Amino acid sequence: MTAQPIVPGDLFARHQTIAGLRALADFLEANPGVPVNPFGWELSYHPHDTDEHEAAEVERIAALLDAVPVDERGAGGHYTASKTFGRITYKVVHVPARRMAAHEALMSYADVFEATAAQDAA
């Protein structure tokens, strides 16, 4: 697999993300009264391109993470790779175009449905 070129705008976003994570860690360490999720946290990256390029991106990042991709596309799912650092997980997710289209079709009906008091009580 060939190395992806680094785009200057990407470097800025990357720097801001890393600086934000460090600032959050410092804040949480200095403020033990602020709760954290006891189950950890997940940082997800969703590439945006064609199905082929997104799948290749999952494989490229999986190699960097030293992780094995999980392929649930045949079951209508996603193609992912992840690595956990303590209770923090970095995850790359490819949502196949057909799965996204099915989700968007389903959500196109969302405005038609409204919960009633009886449904809320159930």
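It should be noted that the structure appears before, not after, this text.
This structure is a prediction, so every number in the text was calculated from the model and none was measured. (Residues numbered from 1 in each chain as written. Predicted model: local features only at pLDDT ≥ 70, side-chain atom pairs only at ≥ 80, totals over all residues. Heavy atoms only, no water.)

*Asks:* Outline the pairing of strand β3 (residues 79-85), listing residues and values.
*Replies:* Side chains on a regular strand alternate between the two faces of the sheet. Bridge analysis of strand β2 (residues 70-71) against β3 gives two bridges, and the strand direction is antiparallel. Within the sheet, the bridge partner assigned to Val70 lies in β3 and is Thr80. Of the pairings in the sheet, the one linking β3 to strand β4 (residues 88-94) comprises seven bridges and is antiparallel in character. Residue pairing across strands places Thr84 opposite Thr89, the latter belonging to β4. Linkage of β3 to β4, two consecutive antiparallel strands, is achieved through a turn of two residues, within which Gly86 is found at a positive phi near 65 degrees. (Pairing = 2+ DSSP bridges. Helix = DSSP H or I, 4+ residues; strand = E, 2+ residues; numbered from the N terminus.)

*Asks:* Go over unusual backbone geometry with me, naming the residues and quoting the values.
*Replies:* At Asp66, a position not held by glycine, the phi torsion is positive, near 55 degrees. Within the element layout of this structure, Asp66 appears in the loop between α2 (51-65) and β2.

*Asks:* Please set out the environment of Ser108 residue by residue, giving values where relevant.
*Replies:* Turning to its location among the elements, Ser108 is positioned in the loop between α3 (97-107) and α4 (117-121). Exposure remark for Ser108: the relative accessible area of 52% places this residue in the exposed category. Separated by 2.5 Å, the side chain of Ser108 and the backbone oxygen of Ala105 make a polar contact. (Buried < 20%, exposed > 50% of the residue type's maximum accessible area, 1.4 Å probe, protein only. Polar contact = N/O pair within 3.5 Å; in protein donor to acceptor, adjacent residues only side chain to side chain.)

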